[in-house]
Amino acid sequence: MAFRASISKVVSRGVGTRSMSSAVAAPTSSTFPDYVLRAPTTDVTTLGSGMRVASETVAGSETATVGVWIDAGSRYETAENNGVAHFLEHLSFKGTEKRTQQQLEVEIENMGGHLNAYTSREQTVYFAKVFKDDVGKAVEILSDILLNSKLEESSIERERDVILREMEEVNKQQEELVMDHLHTTAFQGTGLGRTILGPEENIRSLTRNDLVDYIDTHYTAPRMVISGAGAVQHEQLCELADKHFGGLPTVPKTGSSVVMDPAVFTGSDYRVKFNSDETAHVAIAYQSASWTSEYAFPLMLMQTILGSYDRTLGLGKNHASRLCQEVAEQELAHSVSAFNTCYKDTGLFGVYVVAPDIKLDDCCWTVMNNLVRLVHDVSDEEVERAKLTLKATMLMGLDGHSSVAEDIGRQLLTYGRRMTPAEIFSRIDAVSSADIRATAAKFINDEDHAMAAVGGIHELGDYVWFRTSSYWLRY
């Protein structure tokens, strides 16, 4: 099983504002290359139960990825049952009414297949990679582990220790730890502020009834997408989905409606200092926009403009990003990476830094200066280069059936449909340098931030320093 943490006011101080245009020019044959315009189609069908089935067929392929994307994650939990979605993911592989854990594992191995799952803050995913002749069996197995898991008390007790050990490993990964702290302080008191694994006390106390209640509340047909890519036929996938998932309820069995806990951003910071540590891990972020916001694509380009740097990769001062150039030339950090994390109703945009403590002050000044620079001084050349980079990154991210199935499932849950590469390219091309400046002005200029920092952070400025560094005084 894989664990994935899953990763506004009018601007003041003399900075002009600009409204964002939602109009996007329709792509034409002269606009994009042939490989973009002739990309495979995504077929989407909504079954009578409300479950959506979506697939992309690749001619000549011998393998396929099929999976179930569920609109449920740690965000939909409460403080009392936080961690239940991830706990349930573990138990789904421990035996069903039809198969023991050993039978399930042997059956998958005999198919030459791969079965996996992950939980994020807004989604839970179960998927299988198989040969084309085993697509039907894969869908049946997915339905079995999702709908018929035994959730035996003995398995529940064993998995408590497994998850606690996983928590220990996650906490050793500084980036995972810092990003969890960042969410905790940025969205404190709300669902997005809770961790995916949940607190230790919950892992030790969750009961079988908690797991069953979560399934009965969230595992309904309208909240699920069956996604497939590769050697799949859409009509066959629809028939398989109807056959094996047709008994899913359309409303929660518990009778309660699923309510998304609103995201409330709090400007704040969370710091854990280790006097013996000489390396600092710092994430600074601003509240940004949702998947469907008009600012979504400008934010993607802002992330690309800031870029990422790792001193082990050798680009150094020849990096296209001005932030990365300055960090490399002055040897300010081991690594720097911009991030843009989107959710249904909000997001976090910022920079993650790993730096020597003695360089932290200068590194933070450079990061803040480059963040605010987006408000005032973004060239057309930078934006055009970022557009090409973002397009290439998106296309390369679709290499392989698993990546395509992931993209389909995610987009169906977040957008309600799947955008074609041509539409994505068109939306990227519609963003101007003025749009970048307006977006940066809205989300960064003189705005509160959230920060999480762990390690040797003796030279880290206080909250007020970062807050007053979020704008330039101009007369």
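Keep in mind it's a predicted model, so treat the numbers as computed, not measured.

Engineer: Now, about the overall build of the protein: what can you tell me, with residues and values included?
Structural biologist: Each helix and strand counted, the protein has 17 helices and 12 strands in total. For the C-alpha atoms alone, the extent of the protein along its principal axes is close to 70 × 60 × 45 Å. Counting all 475 residues of the protein, 54% fall into the buried class. Carbon and sulfur atoms make up 48% of the accessible area of the protein, which amounts to about 20,700 Å² in all. Here the protein contributes 44 positive and 65 negative side-chain charges, whose respective centroids are spaced 3 Å apart.

Engineer: Could you give an account of empty space enclosed by the protein, with specific residues and numbers?
Structural biologist: Roughly 60 Å³ of internal volume is contained in the largest cavity. Lining the largest cavity are Val282, Ile284, Val351, Val353, Cys364, Val367 and Phe466. Of all the secondary-structure elements, those providing two or more residues to the lining of the largest cavity are strand E8 (279-287), strand E11 (347-356) and helix H12 (360-376). Along the lines of polarity and charge, the residues of the lining of the largest cavity split into seven nonpolar, no polar and no charged.

Engineer: Give me the environment of Ser337: which residues, what numbers.
Structural biologist: Tracing the backbone shows Ser337 in strand E10 (residues 335-342). Sequence spacing of Ser337 and Thr304 is 33 residues, and the spatial spacing of their C-alpha atoms is 9.7 Å. Setting aside residues no more than four positions away along its own chain, Ser337 makes contact with Gly307, Ser308, Gly350, Val351 and Tyr352.

Engineer: How would you explain unusual backbone geometry if you had to name every residue and give the values?
Structural biologist: For Leu151, which is not glycine, the phi dihedral falls at a positive 50°. For Leu151, the location among the structural elements is in the loop between helix H4 (135-147) and helix H5 (153-172). Accessibility expressed as a relative area gives 5% for Leu151, which makes it buried.

Engineer: Please provide a residue-by-residue account of the pairing of strand E5 (residues 124-131), values included.
Structural biologist: A regular strand places its side chains so that they alternate between the two faces of the sheet. Burial of E5 is extensive: six of the eight residues sit out of reach of the surface. With eight bridges connecting them, strand E3 (residues 63-70) and E5 associate as antiparallel partners. Within E5, the residue paired with Gly67 across the bridge is Phe127. From the end of strand E4 (residues 114-119) to the start of E5, which pair antiparallel, there are four residues.

Engineer: Outline the packing of aromatic side chains, supporting the account with residue identities and numerical values.
Structural biologist: Enumeration according to the criterion identifies six aromatic pairs in this entry. Between Tyr295 and Phe443 the ring centres are 5.2 Å apart and the planes differ by 90°, which places this aromatic pair in the edge-to-face class. Residue Tyr295 is located in the loop between E8 and helix H10 (296-306), and its partner Phe443 is located in helix H16 (residues 433-443); the two are separated by 148 residues in the primary sequence. Residue classification places Tyr295 among the buried residues on the basis of a relative accessible area of 14%. Between Arg223 and the ring centre of Tyr76, over which it is positioned, the NZ or CZ distance is 5.0 Å. One cation-aromatic arrangement involves Lys442 over Phe443; the distance from NZ or CZ to the ring centre is 5.7 Å.

Engineer: An account of H16 is needed here, citing residue identities and associated values.
Structural biologist: Burial analysis of H16 places eight of its 11 residues in the buried class, which makes it a mostly covered element. Regarding H16, the residues found buried are Ser433, Asp435, Ile436, Ala438, Thr439, Ala440, Ala441 and Phe443. Against the buried residues of H16 lie E8, H10, H12 and helix H13 (380-396).

Engineer: Got a sec to walk through the pattern of salt bridges? Specific residues and values, please.
Structural biologist: If you walk through the whole model with that rule in mind, you get 29 salt bridges. Here the residues in one salt-bridge network are Lys98, Arg99, Glu107, Lys137, Glu140 and Asp144, joined through shared partners.

Engineer: Residue-level account of the sheet that holds strand E1 (residues 43-46), with values.
Structural biologist: Here six strands make up an open sheet; going across it, the order is E1-E2-E6-E3-E5-E4 and the pairing mixed. With one partner strand each, in any of the chains shown, E1 and E4 form the two edges of the open sheet. Between one strand and the next, the sheet's axes are offset by a mean angle of 15°, whatever the strand orientation. As paired strands, E1 and strand E2 (residues 52-57) are joined by four bridges and run antiparallel to one another. The residue of E2 that forms the bridge with Val44 is Ala54. Of the strands in this sheet, E1, E2, E3 and strand E6 (224-230) touch helix H9 (residues 234-245), which is tilted by about 150° from E2.

What counts, and where the lines are drawn
Residues numbered from 1 in each chain as written. Predicted model: local features only at pLDDT ≥ 70, side-chain atom pairs only at ≥ 80, totals over all residues. Heavy atoms only, no water. Helix = DSSP H or I, 4+ residues; strand = E, 2+ residues; numbered from the N terminus. Buried < 20%, exposed > 50% of the residue type's maximum accessible area, 1.4 Å probe, protein only. Areas by Shrake-Rupley, 256 points an atom, 1.4 Å probe, with all protein chains shown as cover. Lys, Arg positive; Asp, Glu negative; His and termini not counted. Charge placed at Lys NZ, Arg CZ, Asp CG, Glu CD. 1 Å grid on protein atoms, 1.4 Å probe; cavity = no way out; pocket = protein on both sides within 12 Å on 5 of 7 lines; lining within 4 Å. Points joined across faces, edges and corners; volume = space filled by probe spheres on them. Nonpolar A, V, L, I, M, F, W, Y, C, P; charged D, E, K, R; others polar. Contact = heavy atoms within 4.5 Å. Pairing = 2+ DSSP bridges. Phe/Tyr/Trp six-rings, centres within 6.5 Å; stacked < 30°, edge-to-face > 60°. Lys NZ or Arg CZ within 6 Å of the ring centre and 35° of its normal. Salt bridge = Lys/Arg side-chain N within 4 Å of Asp/Glu carboxyl O. Axes fitted to C-alpha atoms, helices over the stretch in contact; angles between N-to-C directions.

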